[in-house]
Amino acid sequence: MDLQAITGQLHIVNGEIQQTTGDSSSTSMVPGLLAQSAPSKANRSRKNDFLFIHLTLTGTLDDMGELSQDILTTTSQQYYQAGGSITSALRKAISAANRKLLHLNLSTTARSREGALSCAVLHNDELFLVQTGEALALLGHNYGVERLPPTPPQKVTPLGRSAGLNLHYDHYRLQDGDILLLADPRITHLPTEVLAPALVDVELETGLSTLKHIVGANTARLLLIEFTKDAEERFPDMMVMAPTTAVTTTDDMPDPVREGTPPVIPAASRQPQPVQSDSTSKPSSDLAANVEYNTRKATAGAALGLAHFTDWLTDMLARLKPPRHDDEDEANWTLPAILALAIPLLVAMIVTGVYLQHGDAQRFAEIKTEMGQNIGIANTVEGEQQRTYYQHVLTLAEEAEAIRPLDDEVARLRQQAKAALDELDGVTRLQGHLLYEYEPKTLLTAVTLQGGFDGGLYTLDNDSNVTYHQTDESYTQFEGVPENIVFRDKALGSHIVRNVIDMMWRPQGNHVSRDGIAMLDTGGTLITYYPNHNDTRAAPLGLASGWQIPQAITTFDERLYILDVGAREIWKYYPEDDGFIIKDDAQILALDAAANLESAIDIDIYSEDGSLLILYSNGQIRYYDTRSGRVQWDEQKLMTDGGLTLPLARPTAAKLVGKGLNSSVFVADPGTGRILQIARGGLVIAQYRADDEVGRDLFHNIQDFAVAEAPLRIFVTDGNKLYVVTES
């Protein structure tokens, strides 16, 4: 069932409730406030929308009453006639109101009239809110209150001053019992916590009464809206804003109708009431603002659960020990004794759970408020200060996720902070999709794509399991069942697999008879799986006894290169038939001591000219001309001349992808949650971040990745999960 809206209006001048009445055919109203359901001639896309408006204009209400009505009429008609999205329609409606007021100001010599405007729309269970000027709104949930906007805007352009407006947009997924207050800018000075008792865990009548006391001797026009599913049950005689099929007799768009058909409030009562007909006012009561909805719900649920448990316990004991006959007068204290022990324990558990839940709800509300405040502050500062506030928002979002996962508001604030950080860093955000999830204990350490046009993808985990996935040619559609082609202790002739540390695709060549996936075993062997005949072979490597800590492998001109960080060398092996030899005069790739290979974590070699790429765990990166031994560029040059805005923090893998003009370097840096694309000349082409299906950052746990181009697809490992990341 969709949410319904119960609305109440409150007009206070210097602490006194005002009453505006018309003739017998009209209803009471507060100037500048409107609550309206869709008229019969509304645009088809607006049929289920309910519009709420709060308009404030400079000047007295006596002078502005007619003008306020004209602007409300213009705004309402423009909204219900507009097509497209709700946000777009609200923007058009507010722009029309601004044009009308601006035209009036420019065409008269009288004093200009300016104002503030809040327009809210209820659509099913969603709330859309657009504000301009010094407009103020507050949204009360069962866990706290959100102020909209959370902080005063840096630049305020009042309605009617210029053609350009600064609009503030908000979107929420509502819950039963949420309350929206469209408020007068005159009460902006009141802190959010002061207004909370009228908006949190209260019904509309109590909220209106509480607002009267809060406003005190001030002046304000307030529109209070409660969103509920049981409006008709609570107020059977009230006009509830819900979908209607009423037919109007005019062909023109009807004027906006003030919400409900409220009764005339007796002057003697002077108490605010919800809009209703033929109903008496309810006495107000002082409710404690700190009584949370979740606490009541948890207590009620716990009591019901206790009743069910007691009934089950009684039934179980009756089955275990049937009741005695009437002539058996021996007393049986078993059941009373058990209940006497069990019930206090259950009550203690329930009370503890209720207080814990109450504490979580309170902290969750505080986190959301703090997130909004940090975003507001970030908008007032520049540079690294902005980054600090936005990153704190992401930290708070993680804490909120632990309390209440997948909350829409937390996701919205987190995405707002991410977008701001992306703009600061010049980052393009991609979308990730889960391809495959392995056993929970699995940690993927490498991923490699099979060459050719038949697809195929290989993964390596921390237990030396190499898994082959048959795919389509795009690599994104898995076919059949994954096949475990290599695993620890597998016998390959006389060789027993020990620890596979890295793998690469080794294409057919002059000395390589077939395409295959090559895997380096710490036992001093290169293992190759040939998919064409589904066979696996092991080729021993000379001088393997001299290896200390082999880290990574790559290939160039059919040669094999092994990065050994323990020996601080890159071993070089030459192909011979399907095996390898090592030459006495060329055992290593010659680099000077400044190469610092002890901290290197990955290498790759460009297939066309032999240029060497080395990635270091401390964030350094170097691109060598191996013919001269000269460093063509490094991380410092990227920062000064290459367009890199944020240094590498904790990189894990680097790849040379493509050939010729389309070749580039890709670097994974989970420390900053990025994958960089760098031209071989040392200019940053792009910086990528990605979200998974639920909006969480995807690049903070990358161990390895593989790239397929045209279109761009990046395959990344994240713990026991394999993702593909694309531009859409």
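Residues numbered from 1 in each chain as written. Predicted model: local features only at pLDDT ≥ 70, side-chain atom pairs only at ≥ 80, totals over all residues. Heavy atoms only, no water.

## Side note on the sheet that holds strand β24 (residues 559–564)
Alright, step 1. The 4 strands are arranged β23-β24-β25-β26 in an open sheet whose pairing can be described as antiparallel. Edge positions in the sheet fall to β23 (550–556) and β26 (579–581), since each has one partner strand and no second. Adjacent strand axes in the sheet meet at a mean angle of 35 degrees when their direction is disregarded.
Alright, step 2. Where β24 meets strand β25 (residues 569–576), 5 bridges bridge the pair, whose relative direction is antiparallel. Across the sheet, Tyr 561 pairs through a bridge with Lys 572, a residue of β25. (Pairing = 2+ DSSP bridges. Helix = DSSP H or I, 4+ residues; strand = E, 2+ residues; numbered from the N terminus. Axes fitted to C-alpha atoms, helices over the stretch in contact; angles between N-to-C directions.)

## What about the pairing of strand β3 (residues 33–37)?
Alright, step 1. The buried count for β3 comes to 4 of 5 residues, which makes it a mostly enclosed element.
Alright, step 2. Of the pairings in the sheet, the one linking β3 to strand β4 (residues 49–57) comprises 5 bridges and is antiparallel in character. Pairing of Leu 34 across the sheet is with Ile 53, part of β4. (Buried < 20%, exposed > 50% of the residue type's maximum accessible area, 1.4 Å probe, protein only.)

## Examining the packing of helix α8 (residues 384–403) against helix α9 (residues 408–425)
Alright, step 1. Between α8 and α9, the shortest axis-to-axis distance is 9 Å and the interhelical angle comes to 150 degrees. One element, α8, and the other, α9, form an angle in the roughly antiparallel class. For α8 against α9, the interelement crossing comes out left-handed. The segment α8 lies against α9, with Gln 386, Arg 387, Tyr 390, Gln 391, Val 393, Leu 394, Ala 397, Ala 400 and Glu 401 engaging Val 410, Leu 413, Arg 414, Ala 417, Lys 418, Ala 420, Leu 421, Leu 424 and Asp 425.
Alright, step 2. Class assignment of the residues belonging to the contact of α8 with α9 gives a composition of 11 nonpolar, 2 polar and 5 charged. (Parallel < 35°, antiparallel > 145°, perpendicular 65-115°, else oblique. Left-handed = near helix turned anticlockwise from the far one by under 90°. Contact = heavy atoms within 4.5 Å. Nonpolar A, V, L, I, M, F, W, Y, C, P; charged D, E, K, R; others polar.)

## Let's talk about the pairing of β24
A regular strand places its side chains so that they alternate between the two faces of the sheet.
Alright, step 1. Counting buried positions over the 6 residues of β24 gives 5, a clear majority of the element.
Alright, step 2. Pairing of β23 with β24 involves 6 bridges; the strand directions are antiparallel. By the bridge assignment for β24, Thr 554 is matched with Tyr 561.
Alright, step 3. Taken together, β23 and the strand that follows it, β24, pair antiparallel across an intervening segment of 2 residues, in which Asp 557 is found at a positive phi of about 55 degrees.

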